[in-house]
Amino acid sequence: MPSYTVTVATGSQWFAGTDDYIYLSLVGSAGCSEKHLLDKPFYNDFERGAVDSYDVTVDEELGEIQLVRIEKRKYWLHDDWYLKYLTLKTPYGDYIEFPCYRWITGEGEIVLRDGRARLARDDQIHILKQHRRKELETRQKQYRWMEWNPGFPLSIDAKCHKDLPRDIQFDSEKGVDFVLNYSKAMENLFINRFMHMFQSSWSDFADFEKIFVKISNTISERVMQRWQEDDMFGYQFLNGCNPVLIRRCTQLPEKLPVTTEMVECSLERELSLEQEVQQGNIFIVDFELLDGIDANKTDPCTLQFLAAPICLLYKNLANKIVPIAIQLKQIPGEENPIFLPSDAKYDWLLAKIWVRSSDFHVHQTITHLLRTHLVSEVFGIALYRQLPAVHPIFKLLVAHVRFTIAINTKAREQLICEYGLFDKANATGGGGHVQMVQRAMQDLTYTSLCFPEAIKARGMDSKEDIPYYFYRDDGLLVWEAIKTFTAEVVGIYYESDQVVQEDQELQDFVKDVYVYGMRGRKASGFPKSLKSREKLSEYLTVVIFTASAQHAAVNFGQYDWCSWIPNAPPTMRAPPPTAKGVVTIEQIVDTLPDRGRSCWHLGAVWALSQFQENELFLGMYPEEHFIEKPVKEAMARFRKNLEVIVSMIAERNKNKKLPYYYLSPDRIPNSVAI
């Protein structure tokens, strides 16, 4: 009688093991086996991290094994089981791998195919076609779209983390409890004594040091020392937390009536302002998005304010970008002066603080939340709904949506919901952040997620003209490495453009993203279908880059750049000044966040800047969804390319007082998970 050896690997995460009864049956081209209980006498089967082997004898020849069915039945108390993979040694000595990497819950069962990636057209056998269809039907019932707020990209239909399908939940929900993590962060930073001191102002700038943890030779310390300097202010638009807003100014906007006379003491080339614009030396950051957004009114004891500034910047002879004019509201007028570096010290400083605060709001809600978290969730939901586990694109992308839906669900539950943590310290809390996302959806385009095109669209692509834009330089290297890798994988499974066009599952995935994620907005430029291998490779690069590199660039520097409160105030407690010559240091301190809000802000940026426990970085694929040699070789080349980039960035950063490392691949997590 034919005998098979079955090797079963249980996950190593907490509570991955089970005491339940596990049954296995084999489905072959010539017949089906009976159900076999996988059990060894006097042995604790399926413990966390265990790899167990069993001999399974069948009554008759099964032919080529097509499917493996695993069933879990209750022993004592229900416990979930995480099955990593299963290997089958046939009577003929062949080994067949069956990747799983899923939870089996309750009295559940799972039907696995072998690990070879297959497009729908490769499946000619009825039972395999049926398995493929059933898997998607089940997933589409589990992964449903939902509108969290009008105008937002659609998200997962789940009120809280525990409502999510088990496969996409965090291993331990406690690890991503925002309330717990923020409180713990404040405790670790020794600032919890201030956390309830709302309405209590700091006495001066030095007083902020009471909650500032000095870690010597770090970026945060340099920010504290130099935050008032113009070149530090300008540098942050290139390499700070939000390096995506600055653009080359090709024409001075009418709403900013700045003249050469106003700024001539800042211009170093003996040219007029218009000539400097023509030569490409003027840059602009416009916070028009914030105009008319409602400020936070959740605390009746504290009035909070927003501004919508326009900031003009200049590339000086040292190739540094420095501010030369700031207008704090969009419409020019007598009560909306243009602040200049030649103004009184505190006038100019307060104007810059308003810009930094506005930058913080756009960064948190648009650059970070909308353009990485919510967009990646859209890709994740569409992936689970439209691509079966055997599809090569599912195998490629699943690592890049790991825990994304879970972290966003947790955020909607605790952070950005009504009366959530976001309301505690942020001037855009209490609904302003929702209005911002609704507005910013109009500018969320496919090309704006294509890194090289986004850089070009802002006129920031010339390394010669703008030499110290490390976000651009490193981002282009990582983008190209990802694109080379995706092109190789696409080349393995799609021999022509026609195969791409005829892959209905792939086309349904792309359509789901467009129709539900982007709400069917033609202006978004998101493709409804893909017509070529090149376009597929680009699309996959967008998905991976957004989830990994773009998120890393705008997330993990938050403590570095935002922990010194005057450099990134999450709220302002007085309106923008309407005249020059009246600002005092006392007025600035009273405008900045109070002690309580400062502490909650600090706890947030600390918690958000930490890597996950057991973080998986770009190029790491410990879950072996692919078993084919050509793909594994492509992955190895991808890792090699990333290692070269790590070395190049490390070399450039040597002896730099302000190193830029957020896009070093060894610091880029695979997915949006914090």
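Residues numbered from 1 in each chain as written. Predicted model: local features only at pLDDT ≥ 70, side-chain atom pairs only at ≥ 80, totals over all residues. Heavy atoms only, no water.

Feature annotation in UniProt assigns "binding site: Fe cation" (unreviewed entry) to the following positions: H368, H373, H551 and I674. Spanning 307 residues, the named residues nonetheless gather at one spot, since no C-alpha pair among them exceeds 10.9 Å. Mapped onto the secondary structure, H551 falls in helix α16 (residues 533-555). Sequence-distant contacts of H551, defined by excluding residues within four places in its chain, comprise H368, T372, H373, T546, F556, V672 and I674. Along the chain, I674 falls in the segment after α20 (629-653). If sequence neighbours within four positions are ignored, I674 has contacts with H368, H373, I407, H551, N555, F556, A607, L608, Q610 and Q612. (UniProt positions renumbered as here; feature names shortened; annotations may be inferred. Helix = DSSP H or I, 4+ residues; strand = E, 2+ residues; numbered from the N terminus. Contact = heavy atoms within 4.5 Å.)

This part is about a nonpolar patch on the surface. Taken together, the side chains of Y21, L37, Y75, W76 and L77 define a hydrophobic patch exposed on the protein surface, amounting to about 610 Å² of accessible area. Turning to its location among the elements, L37 is positioned in strand β4 (residues 36-37). Judged by its relative accessible area of 39%, L37 is partly exposed. (Patch = residues over 30% accessible without salt bridge, like charges linked within 9 Å, V, L, I, M, F, W, Y side chains within 5 Å. Areas by Shrake-Rupley, 256 points an atom, 1.4 Å probe, with all protein chains shown as cover. Salt bridge = Lys/Arg side-chain N within 4 Å of Asp/Glu carboxyl O. Buried < 20%, exposed > 50% of the residue type's maximum accessible area, 1.4 Å probe, protein only.)

The next thing to look at is the state of the cysteines. Covalent bonding between the sulfur atoms of two cysteines is what defines a disulfide. Going through the model one piece at a time under the given rule, you end up with 0 disulfides. Looking at the unpaired C32, the closest cysteine sulfur is the one in C100, lying at 19 Å. Overall, the relative accessible area of 48% leaves C32 in the partly exposed class. Summary of cysteine pairing: C311 is not part of a disulfide, and the nearest cysteine sulfur, belonging to C249, is at 11 Å. A residue is classified by how much of its surface remains accessible, and C311, at 0% relative accessible area, is buried. (Disulfide = S-S within 2.5 Å.)

Okay, the pairing of strand β13 (residues 282-286) next. For β13, a buried count of 4 out of 5 residues is recorded, marking the element as mostly surrounded by other parts of the structure. Alignment of β13 against strand β14 (residues 310-315), held across 5 bridges, turns out to be antiparallel. Within the sheet, the bridge partner assigned to D286 lies in β14 and is I310. (Pairing = 2+ DSSP bridges.)

This next bit is on the environment of T571. Note on placement: T571 falls in the loop between α17 (558-562) and α18 (585-591). When neighbours within four sequence positions are excluded, T571 is seen to be in contact with Q304, A425, N426, A427, T591, L592, P593 and R597. One polar contact links T571 to Q304, side chain to side chain, over a distance of 2.7 Å. (Polar contact = N/O pair within 3.5 Å; in protein donor to acceptor, adjacent residues only side chain to side chain.)

We now examine the layout of surface pockets. In this structure, the second largest pocket spans a volume of roughly 890 Å³. Every residue lining the second largest pocket is counted, 30 residues in all, and those nearest its centre are V244, L245, R247, R371 and D443. Within the residue set of the lining of the second largest pocket, elements represented by two or more residues are β13, α7 (345-386), α12 (451-457) and α16. Classifying every residue of the lining of the second largest pocket by side-chain character gives 17 nonpolar, 6 polar and 7 charged. (1 Å grid on protein atoms, 1.4 Å probe; cavity = no way out; pocket = protein on both sides within 12 Å on 5 of 7 lines; lining within 4 Å. Points joined across faces, edges and corners; volume = space filled by probe spheres on them. Nonpolar A, V, L, I, M, F, W, Y, C, P; charged D, E, K, R; others polar.)

Attention shifts here to the nonpolar core. The biggest cluster of nonpolar side chains holds 157 residues, and the ones touching the most others in it are I246, L313, L397, Y494, F509, Y539 and W561. With 20 residues, the single largest contributor to this core is α7. Setting aside chain neighbours within four positions, we find W561 in contact with I219, V223, M232, Y235, Q236, N239, G240, C241, N567, A568, L658 and Y662. V6, L26, L88 and F98 belong to the second-largest nonpolar core, a separate cluster that totals 25 residues. (Core = buried A, V, L, I, M, F, W, Y, C linked by side-chain atoms within 4.5 Å.)

Moving on: the UniProt feature "binding site: Ca(2+) 1" (unreviewed entry) in the protein chain. Sites flagged by UniProt as "binding site: Ca(2+) 1" (unreviewed entry) map to G17, D79 and D80. Spanning 64 residues, the annotated positions come together in the fold, the maximum distance between their C-alpha atoms being 8.1 Å. Accessibility expressed as a relative area gives 19% for G17, which makes it buried. Apart from residues lying up to four places away in sequence, G17 is in contact with T10, F46, E47, R48, D79, D80 and W81. Mapped onto the fold, D79 is located in the loop between β6 (65-73) and β7 (81-89). Given a relative accessible area of 22%, D79 falls into the partly exposed group. Aside from chain neighbours lying at most four places away, what touches D79 is G17, T18, D19, D20 and K72.

With that out of the way, let us pick up the packing of aromatic side chains. Per the stated rule, a full pass over the model turns up 28 aromatic pairs. On the numbers, 5.5 Å between centres and 90° between planes, the contact of Y21 with Y75 is edge-to-face. On the criterion of sequence distance, the pair formed by Y21 in strand β2 (residues 21-28) and Y75 in the loop between β6 and β7 is long-range, its members being 54 residues apart. Look at Y21 and you get partly exposed, because its relative accessible area is 35%. Taking the centre distance of 5.2 Å and the plane angle of 65° together, the rings of Y82 and W103 count as edge-to-face. (Phe/Tyr/Trp six-rings, centres within 6.5 Å; stacked < 30°, edge-to-face > 60°.)

When you tally the buried positions in β2, you get 6 out of 8 residues, the bulk of the element. One ladder, built from 8 bridges, connects β2 with β6; its direction is antiparallel. Bridge assignment links S25 to a residue of β6, and that residue is R69. Pairing of β2 with β4, which is carried by 2 bridges, proceeds in the antiparallel orientation. Residue pairing for β4: L24 is matched across the bridge by H36. The pairing of β2 with strand β3 (residues 31-32) spans 2 bridges and is antiparallel.

Relative orientation of the contacting elements helix α4 (residues 230-239) and α7 amounts to 15°, with a least axis distance of 12 Å. Between α4 and α7, the angle falls in the class roughly parallel. For α4 against α7, the interelement crossing comes out left-handed. Where α4 abuts α7, its residues D230, F233, Q236 and F237 lie against W348, K352, V355, R356 and D359. Taken together, the residues of the contact of α4 with α7 sort by class into 4 nonpolar, 1 polar and 4 charged. (Axes fitted to C-alpha atoms, helices over the stretch in contact; angles between N-to-C directions. Parallel < 35°, antiparallel > 145°, perpendicular 65-115°, else oblique. Left-handed = near helix turned anticlockwise from the far one by under 90°.)

What follows covers the sheet that holds strand β8 (residues 95-104). Read from one edge of the open sheet, 4 strands run β5-β1-β7-β8, paired in antiparallel fashion. Among the strands making up the open sheet, the edge pair consists of β5 (51-57) and β8. For this sheet, the mean angle separating the axes of adjacent strands, direction not counted, is 20°.

Strands sit in the order β12-β13-β14-β15-β16 across an open sheet of 5 strands; the sheet is antiparallel. At either end of the open sheet lies a strand with only one pairing partner, and these are β12 (247-248) and β16 (338-339). Relative to β13, β12 runs antiparallel, the two being bridged by 2 bridges. For R248, the partnering residue across the bridge sits in β13 and is F283. Running at roughly 95° to strand β15 (residues 321-327), α4 makes contact with β13, β14 and β15 of the sheet. Across the face of the sheet, α7 comes into contact with β14, β15 and β16 while running at roughly 95° to β15.

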